[in-house]
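Here is how the chains run, residue by residue.
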Amino acid sequence: MAGSVGELSGWTAPNELVIHRAVLHRRPEATAVVHAHPPAVVAASLLDEPLVPIYGAYDIPGARMAADGIPMWDRSALITTDDLAAGMTDALADRPVVILRGHGLVSVAGGDPVTAVRTAVLQAVAVDTLARMTLAVRQAGGTPRPISDDDLAALPDLGGGFNVETMWRHLLTRLPRRV
Ligand SMILES: [Zn+2]
C-alpha cells in the first residue's frame, strides 16, 4: 500500500542487523531475536565473574537460566560484520541468551512468532533483573553466591506458557499509558 511506503520512509536498517541475521541462520528454530543494551547488564558484564543464580523463588525463570549458565562473548565491538556476528553466535551456541561484554545482550526464542518475541523479551528482562540484583549485592559490600542445589531442585516448573503470558501482562501494565 502506498501509505505503508510513506510510513516507512526515513527508517533505515539498524547498524547491528547482522546480529539478527546471523542468529536466525545459526539457529533454524529461532523466530525472534532481541538485542538490547541494558545498562545493568553492561555493568555486570565488567565484573569478570559470571552471573550466578543468587536467588530462587524471586524469579524462577531467571534463576534457572543462570543455573544453566549465561554465556558471555568477550568483545564489545559494534557487530556490523559477518565475522563479528559469527563470534557472537559461537558464544551463544544453543543457549537462550548471550551477554556481550561491555555492550549488552542477545536473546533468542523459537515457536510461534508472537510468543517467541515475548519470550525473548522476557528472557532479556530476567537477565537484566539478575544483573541489577547482582550489582546491588556488590554495592552493599556483599558477594553474590549461588543458592544451593537443593533450593534450585525444589523450584517448581511453572511451565513456559504460564510464565510468558503472566509476565507479559505484567510488563504491559507497567508501560506508560497512551494519552
Ligand atoms: Zn548493540
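Residues numbered from 1 in each chain as written. Predicted model: local features only at pLDDT ≥ 70, side-chain atom pairs only at ≥ 80, totals over all residues. Heavy atoms only, no water.

A.B. asks: I tried to follow the nonpolar core on my own but got confused; where do I start?
C.D. replies: It is characteristic of soluble globular proteins that their nonpolar side chains tend to be buried jointly. One finds Leu51, Ile70, Val127 and Leu130 to be the most contacted residues of the largest nonpolar core, which totals 18 residues. At the level of secondary structure, the elements contributing two or more residues to this core comprise helix H3 (39-45), helix H4 (60-68), strand E3 (97-100) and helix H6 (113-139). The greatest single-element share of this core, amounting to six residues, is contributed by H6. In this structure Leu51 touches Ala44, Ala66, Ile70, Ile99, Val127, Leu130, Ala131 and Thr134, once residues within four positions along its chain are discounted. (Core = buried A, V, L, I, M, F, W, Y, C linked by side-chain atoms within 4.5 Å. Buried < 20%, exposed > 50% of the residue type's maximum accessible area, 1.4 Å probe, protein only. Helix = DSSP H or I, 4+ residues; strand = E, 2+ residues; numbered from the N terminus. Contact = heavy atoms within 4.5 Å.)

A.B. asks: How should H6 be read in this particular structure?
C.D. replies: Each α-helix winds once per 3.6 residues, and so residues spaced three or four apart point in a common direction. Helix length check: H6, at 27 residues, gives a terminal C-alpha distance of 39 Å against a target of 39 Å (1.5 Å per residue), a fit within 8%. Looking one or two residues past H6, Gly141 carries a phi angle of roughly 90°, positive in sign. (Expected span 1.5 Å × (residues − 1).)

A.B. asks: For this particular structure, what's the right way to read the sheet that holds strand E4 (residues 104-110)?
C.D. replies: What the four strands build is an open sheet, ordered E1-E4-E3-E2; its pairing is mixed. Every other strand in the sheet has two partners, leaving strand E1 (30-36) and strand E2 (72-73) as the edge strands with one partner each. When E2 meets E3, the two strands line up parallel, connected through two bridges. Looking at E3, one finds that Met72 is bridged to Ile99. The sheet strands contacting helix H2 (residues 17-26) are E1 and E4, and the helix crosses E1 at an angle near 145°. (Pairing = 2+ DSSP bridges. Axes fitted to C-alpha atoms, helices over the stretch in contact; angles between N-to-C directions.)

A.B. asks: Would you mind showing me how to read the pattern of salt bridges here?
C.D. replies: For side chains of opposite charge, pairing can occur when their charged atoms come near one another. A complete count under the given rule lists eight salt bridges for this structure. Salt-bridge contacts for Arg138 lead to Glu49; the nearest nitrogen and oxygen are separated by 2.5 Å. Note that Arg138 is positioned in helix H6 and Glu49 in the loop between H3 and H4, a separation of 89 residues in sequence. Residue Arg138 is classed as partly exposed on the basis of its relative accessible area, which comes to 29%. On the accessibility criterion, Glu49 (41% relative accessible area) is partly exposed. Measuring nitrogen to oxygen at the nearest pair gives 2.8 Å for the salt bridge that ties Asp128 to Arg132. Taken together, the residues Asp128 and Arg132, both in helix H6 and four residues apart, mark about one turn of the helix. Owing to a relative accessible area of 54%, Arg132 belongs among the exposed residues under this scheme. Among the charged side chains, a salt-bridge network with shared partners connects Asp48, Asp74 and Arg101. (Salt bridge = Lys/Arg side-chain N within 4 Å of Asp/Glu carboxyl O.)

A.B. asks: Teacher, can you tell me more about the packing of aromatic side chains here?
C.D. replies: Two numbers describe a pair of aromatic rings. These are the distance of the centres and the angle of the planes. Overall, the coordinates contain one aromatic pair when judged by the stated rule. For the ring pair Tyr55 and Tyr58, a centre distance of 4.9 Å and an interplane angle of 65° mean the geometry is edge-to-face. Judged by relative accessible area, which is 8%, Tyr55 ranks as buried. Residue Tyr58 is classed as exposed on the basis of its relative accessible area of 56%. (Phe/Tyr/Trp six-rings, centres within 6.5 Å; stacked < 30°, edge-to-face > 60°.)

Nothing here speaks to function; it is geometry throughout.
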